[in-house]
Amino acid sequence: MADALLTWFRQSLPAEIADLTEPYLAKLEEGEYQSLLDDENANTLFGHIEDQETKIAGRDDHQTWSDFIFQRLGTLLADRSKPEKQAIFFCIGYAALLAFLQSNVTGPPLPFSSAKLLFPREAASHAQKTKKTRTALLASLGMDGIAAYKLTPNIELLCLADTIMTCPPILKNFKAARWAKMRIAFLQQRLLSEVSSTLQEVIYDDLDILADEILDSEDRVGVDVQRQVELLLERATVHIHHGLDKLARSDLELAKRKRGFEYELTGLMGKRTKFQENDISQLVVLARSRESEIKTNGEYSSGIESSVESVAANGGSTVRTASGPAKLDLNDDTLLESINFSGETADSANGGLETSLPAALKTLDPAKQPQLNPLDSTLLLSFASSITNTSPQDGLTREETLPYATRVLDGGSSNWQVYTQALLVRSRIEGHRSRTVERGLLQLQALVDQVIAETSAMAAESSGTEPSQTSFLPRPKESESAPVTQRLRYIFQLATPTRWDLEAELAARWVSMGGLRSALEIYERLEMWAEAALCWAATDREDQAKKVVRRQLFHATHGGRSEAGAEVSDDETWQGTERTPPPVDAPRLYCILGDIDQSITMFEKAWDVSNQRYARAQRSLGRYYLSKSDFVQAAGAYSKSLRVNQLNQSSWFALGCALLELEEFQKAVEAFSRCVQLDDSDAESWSNLAAALLLVEPPASDAEGTAHNVVDDGADEEIPIKASFNPQKNRRDALKALKRAATLKHESHRIWENVLTVAASVSPPDYTSVLSAQKNIVALRGPKDGERCIDKHVLELLAQHVISSTDHFNPEQPGLARMFVKFMDENVVPLITSSADLWQLVSKLALWRNKPSSALEAEEKAWRVVIAQPGWESESEVKWNGVVEATVRLCDSYESLGPRERTEGMGAGELVEKGWRFKARTAVRSVMGRGKSTWEGTGGWERLVGRGEELKG
């Protein structure tokens, strides 16, 4: 099945142009990229063939080779008598893109030298001129001060593709060119060491245009569905790369529905360990592609067959399929190679219990599931990659995504690259589990050796900088290797990493396992000096880290051989003059030096070297100033970084915190508003937004003069001040923000306490939110803090509202009153130990509910709490008066409630307390007896005497 982009391109061509373009499209689909790049039209574009129109475009008149090609392309396309030229050049540009991916991502090695094919002969025949041209092209790919990987082989292929796909006539006349342009921009983004916000905006702008053309089109049948699914899968990989996992999962779910693909993560009974006697529930993904595709899709009948076969205990440690990379066995002393399910179908393995599985999945044998369509396999792998969560409270965790990769591997795949990606995803997941971490590392090493190493031969030939790579597993024979067309078919939906990214991932895995030397060997071979320095710094060897970085930025201290790759003494500290010109990744290297030494100078140097485009330099300055509590400078630094990268959520958050400290509350509101717009799942941002809203004060006429001093250089444009001010609206908005924060961070009692306070302070109070907040506070703090977690004032306010809202309590009527009564009975009463106020509130509520006996019982407990406090008999008259007040209140309660009839319990209809008068006099005598020696003759004493006389009558 052809690439959806090429199918779309072919369908969009007029008939007369389509006939002329078909040979070029056929070569694209057959992987004959050399033939396209060596075509007469391509040679004319590259300047190998000159005509009268293109002679005026001199090579020396342009800053880079790409500019030269861009001008020649514009000149060639100006001839409107040959409309097919645009389509032909589109095919040449797309061939260059696929050839670049073949040489750097999938292999096999290119059968040609791209430099000799594309560059002018005088440049291609001299190694230094070729290197200079490629260095300029690499520098042109840098964005926002972020450099592309400096040893990227065959970079001219990517630049050629970018030049052609951004050419206005081609971009205007072919809608498919927009898709190709987005793919190139995303590939450029992946070449950078950090995410560029400028490129991110370009990518998402193109995605929005493509979504309007493809996803929102009227015709949703046939090939359009295939086109929609492929675009959705690509957009999901873009989301994952930029950390927008929630959006990625939304696109994957939509793609699943459009394909009619059924899969389910479920639990089935089985054994996972060798010594397990009883079956327990095991996580497994059941999946089946559409029946029509299983029968008709040609890819299913040939290619990689199911690669998971039972392996004898004394068998080999790897499995190589007829057309796939090596898959390593686990070989663990406890875990089985795969789960041993108890039944032959999902229904029988579930013990006959009712399940919500779709009917098509219930009949599947979980141990022998059918092969999936490659797009369905890609969807499962993308879903697994989108889960980076490590907390079980937040849903599916990273470790629980292993069944998704296992499903793709167990069923086999008809596509080489999909199977390779499944091995990679599984190795990443297994790297976080102690039982599988070794297999995960070795599998990643095997992928580097067997698949990615295939590109090294061409890379070494084209760059002349890298040594050949050895492999501890035998290389696959040509018959065991997949053709390039199969490897590249789903490469954009998979977003498989480049060779050097995969090796850098291997190095990072070695670091996590303590293999520092192995990691450093990889980083040094790849000339990833920043990563090598960070590796040294992570092991507390900051002196060695500084040497690695300074060697790239500065000459030797006393002159001599100071090239970055020359052999020098280990004592050299590289304190000489700065290198001119600086390396392409100088801003990042200066920032690393600044982080190690906490040097403002280095951060500022990184900012200057990048022509004030490297946002990380200002972020580092902002962090430094925040650590020194210099909030004015911190706010200024973060504002500068945000003018370059407005999509950095952490920078907006830090800026908001600095503005809160500076009491610039309105600007803080704007900063935290940006935070929640970028990431609406950040509870801290929502909480701080609420705090800023509550602290906003009416703007004073004389306050505007000082506001501009907080952030310089146009910061007011970034954070505009709103003119209107409504305190109650601010409080309501703050309450909404706090409720959102509490939803996201449900276990934080501090956020719930803020919800409680704000909900009670709005006008009118939000009593439902008050009750919900207090209930959650009790659930979180109650077991440890008891009654201290209860806000008595707010609870009194809530009780007053409930009691005043109706004359009597109806337990059958749902609403706030019933919820509040239930909360008091089940949550508050069990916590009360030493609070008379809470018992009195319980009494008040019981009286409203027409339960006089419960009300009197609560009053008695309130009185006992008061007289149990020490010191009232002789030390404090204030405490004495409090006891007197509680005693008088108890007597009043006996007098008013004792003669009433019971309405509850076994004694319903009887008096609440027959001996209420005796109990009241006893309470008075008890208090007077204990306080006589100290308080006789005081006002409180006389009050008790008077109340006792009243009770005698």
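Above this text you will find the structure in question.
Definitions and limits used
Residues numbered from 1 in each chain as written. Predicted model: local features only at pLDDT ≥ 70, side-chain atom pairs only at ≥ 80, totals over all residues. Heavy atoms only, no water. Axes fitted to C-alpha atoms, helices over the stretch in contact; angles between N-to-C directions. Helix = DSSP H or I, 4+ residues; strand = E, 2+ residues; numbered from the N terminus. Parallel < 35°, antiparallel > 145°, perpendicular 65-115°, else oblique. Left-handed = near helix turned anticlockwise from the far one by under 90°. Contact = heavy atoms within 4.5 Å. Pairing = 2+ DSSP bridges. Core = buried A, V, L, I, M, F, W, Y, C linked by side-chain atoms within 4.5 Å. Buried < 20%, exposed > 50% of the residue type's maximum accessible area, 1.4 Å probe, protein only. Nonpolar A, V, L, I, M, F, W, Y, C, P; charged D, E, K, R; others polar. Polar contact = N/O pair within 3.5 Å; in protein donor to acceptor, adjacent residues only side chain to side chain. Expected span 1.5 Å × (residues − 1). Patch = residues over 30% accessible without salt bridge, like charges linked within 9 Å, V, L, I, M, F, W, Y side chains within 5 Å. Areas by Shrake-Rupley, 256 points an atom, 1.4 Å probe, with all protein chains shown as cover. Salt bridge = Lys/Arg side-chain N within 4 Å of Asp/Glu carboxyl O. Lys, Arg positive; Asp, Glu negative; His and termini not counted. Charge placed at Lys NZ, Arg CZ, Asp CG, Glu CD.

1. Digging into the packing of helix α36 (residues 683-695) against helix α39 (residues 727-744)
Here is step 1: Two elements in contact, α36 and α39, have axes whose closest approach is 8 Å; the angle formed by their N-to-C orientations is 160 degrees. Relative to α39, the element α36 is oriented roughly antiparallel. Crossing handedness for the pair α36 and α39: left-handed. Residues A683, W686, S687, L689, A690, L693 and L694 of α36 touch α39, and the partners they reach there are N730, R731, D733, A734, A737, L738, R740, A741 and L744.

2. Thoughts on the pairing of strand β1 (residues 262-273)
Here is step 1: In terms of strand pairing, β1 meets strand β2 (residues 280-288) through nine bridges, oriented antiparallel. Paired with M269 across the strands is S281, a residue of β2.
Here is step 2: From the end of β1 to the start of β2, which pair antiparallel, there are six residues.
Here is step 3: When β1 meets strand β5 (residues 335-341), the two strands line up antiparallel, connected through three bridges. Of the residues in β5, the one forming a bridge with K271 is N340.

3. A look at the nonpolar core
Here is step 1: In this structure, L28, Y94, L160 and I170 are the most contacted members of the largest nonpolar core, which totals 170 residues.
Here is step 2: The element best represented in this core is helix α6 (residues 84-106), accounting for 15 residues.
Here is step 3: Contact partners of L28, with chain neighbours within four places excluded, come to L6, Y33, L36, C91, Y94, A95 and L98.
Here is step 4: Judged by nonpolar contacts, the second largest core, of 96 residues, contains V802, A836, A923 and W941.

4. Let's talk about the packing of helix α22 (residues 437-450) against helix α26 (residues 499-512)
Two quantities define a packed helix pair, namely the angle between the axes and the distance from one axis to the other.
Here is step 1: Contact pair α22 / α26: the axes reach a minimum separation of 10 Å and the direction vectors enclose 155 degrees. It follows that α22 is roughly antiparallel to α26 by the angle criterion. Crossing geometry of α22 relative to α26 is assigned as left-handed. Taking contact as the criterion, the partners of G440, L441, L444, Q445, L447 and V448 in α22 are, on α26, L502, E503, E505, L506, R509 and W510.
Here is step 2: Tallied by class, residues from the contact of α22 with α26 come to seven nonpolar, two polar and three charged.

5. A few points about the side chain of S103
Here is step 1: Mapping S103 onto the fold places it in helix α6.
Here is step 2: By relative accessible area, which is 1% here, S103 ends up buried.
Here is step 3: Within polar-contact distance, the side chain of S103 engages the side chain of N154 at 3.2 Å.
Here is step 4: Contact partners of S103, with chain neighbours within four places excluded, come to L110, N154 and T455.

6. Quick word on unusual backbone geometry
Here is step 1: Omega for the bond connecting G107 with P108 falls within 30 degrees of zero, at -5 degrees, which places this linkage in the cis form.
Here is step 2: Within the secondary structure, P108 is located in the loop between α6 and α7 (114-118).
Here is step 3: Here the residue pair T580 and P581 is connected by a cis peptide bond, since its omega of -5 degrees sits within 30 degrees of zero.
Here is step 4: Tracing the backbone shows P581 in the loop between α29 (542-553) and α30 (586-597).
Here is step 5: The phi dihedral of N154 falls on the positive side, at around 55 degrees, and the residue is not glycine.
Here is step 6: Tracing the sequence through the fold places N154 in the loop between α9 (127-141) and α10 (155-165).

7. Section: the sheet that holds β1
Here is step 1: Read from one edge of the open sheet, three strands run β2-β1-β5, paired in antiparallel fashion. A strand with exactly one partner marks an edge of an open sheet, and here the two such strands are β2 and β5. With direction set aside, neighbouring strand axes in the sheet form an average angle of 50 degrees.
Here is step 2: Packed onto the sheet, helix α20 (residues 402-411) meets β1 and β2 and runs at close to 55 degrees relative to β2.

8. Focus on helix α21 (residues 416-430)
Here is step 1: In a regular helix each residue adds 1.5 Å, so 15 residues correspond to 21 Å; α21 covers 21 Å between its end C-alpha atoms and thus fits that length.
Here is step 2: Of all 15 residues making up α21, 14 are buried, and the element is well covered by its neighbours.
Here is step 3: The opening residue of α21 is N415, an N-cap whose side-chain oxygen sits 3.0 Å from the backbone nitrogen of Q417.

9. Some points on helix α33 (residues 631-644)
Here is step 1: A rise of 1.5 Å per residue sets the reference length of α33, with its 14 residues, at 20 Å; its end C-alpha atoms lie 20 Å apart and thus fit the reference within 8%.
Here is step 2: Those residues of α33 that fall on the buried side of the exposure criterion are A634, A635, G636, A637, Y638, S639, S641, L642 and V644.

10. Some thoughts on the environment of A519
Here is step 1: Relative to the helices and strands, A519 is located in helix α27 (residues 516-525).
Here is step 2: For A519, a relative accessible area of 0% gives the class buried.
Here is step 3: Sequence spacing of A519 and R509 is ten residues, and the spatial spacing of their C-alpha atoms is 8.1 Å.
Here is step 4: Once residues lying within four places of it in the same chain are set aside, the contact partners of A519 are A507, W510, V511 and C535.

11. A few points about a negative patch on the surface
Here is step 1: Residues E201, D205, D208, D212 and D216 make up a contiguous surface patch of negative charge.
Here is step 2: Mapping D208 onto the fold places it in helix α13 (residues 197-215).

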